[in-house]
Amino acid sequence: MFQADSRYMKAAMVEAQKAYMIGEVPIGAVVVHDGIIIGRGHNLREHLNDGIAHAEILAIEEACRYLNSWRLIDCDLYVTIEPCLMCSGAIINSRIDNVCFGSRDPKAGAVRSLYTVLEDSRLNHRVNVVEGVLADQSAKIMKDFFKAARKKRKNKTGNS
């Protein structure tokens, strides 16, 4: 199923780093089809002022354009952090076969933490899930980002 987990997760980490560098929450995603990355995305909510500009959504949109289809059958999604409820819905609706994520998201994760949406037998499509690939790196970039954001806020309010 995921023969090149770390290779593709590293590509998702590159996307997360791009988000980090521009001040976005550092989550990255890639969609893979036949061993080729056909969609890439990193969070752009702040830059686009768009609540749905999550890494997964942007990667899925690019993959759909690449395949000229909304059906991403035989595609895998690699994402650094557990997908939220919205992104899980997009994964199901685009018919992605497999999702591999790094770290869980205890506050918004809809794959394992809060819900198990991707594997819910009541839905019309189920997704195979692998978790924990490059989990430490995925968690570290998030922790570093939020630590820096708190420090920046503290310095801003402390210097007023």
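Nothing here was measured: the structure is a model prediction, and the numbers come from that model.

**Student:** Is there a simple way to think about the pairing of strand β4 (residues 98-103) in this case?
**Tutor:** For a regular strand, side chains alternate in direction, first toward one face of the sheet and then toward the other. Burial analysis of β4 places six of its six residues in the buried class, which makes it a mostly covered element. Examined bridge by bridge, strand β3 (residues 75-81) and β4 share five bridges and lie parallel to one another. Opposite L77, over in β4, you have V99 as the bridge partner. The β-α-β motif built from β3, the intervening helix α4 (residues 85-93) and the parallel element β4 has right-handed crossover chirality.

**Student:** Quick question: what am I supposed to make of the sheet that holds strand β5 (residues 128-131) here?
**Tutor:** Whenever strands of a sheet pair, they do so through backbone hydrogen bonds, lying parallel or antiparallel. Taken together, five strands build an open sheet; the order of strands is β2-β1-β3-β4-β5 and the sheet is mixed. For this open sheet the edge positions go to β2 (36-42) and β5, each flanked by a neighbour on one side alone. Strand-to-strand, the axes of this sheet are offset by a mean angle of 15°, without reference to chain direction. Sheet topology note: the strand β1 (residues 28-33)/β3 ladder contains five bridges and is antiparallel. Within β3, the position partnered with V31 by the bridge is L77. Relative to the sheet, helix α1 (residues 5-21) contacts β1, β2, β3, β4 and β5, its axis offset from that of β1 by approximately 140°. Relative to the sheet, helix α3 (residues 55-67) contacts β1, β2 and β3, its axis offset from that of β2 by approximately 145°.

Cut-offs used in this document
Residues numbered from 1 in each chain as written. Predicted model: local features only at pLDDT ≥ 70, side-chain atom pairs only at ≥ 80, totals over all residues. Heavy atoms only, no water. Buried < 20%, exposed > 50% of the residue type's maximum accessible area, 1.4 Å probe, protein only. Helix = DSSP H or I, 4+ residues; strand = E, 2+ residues; numbered from the N terminus. Pairing = 2+ DSSP bridges. Right-handed = clockwise from strand over helix to strand, strands pointing away. Axes fitted to C-alpha atoms, helices over the stretch in contact; angles between N-to-C directions. Contact = heavy atoms within 4.5 Å.

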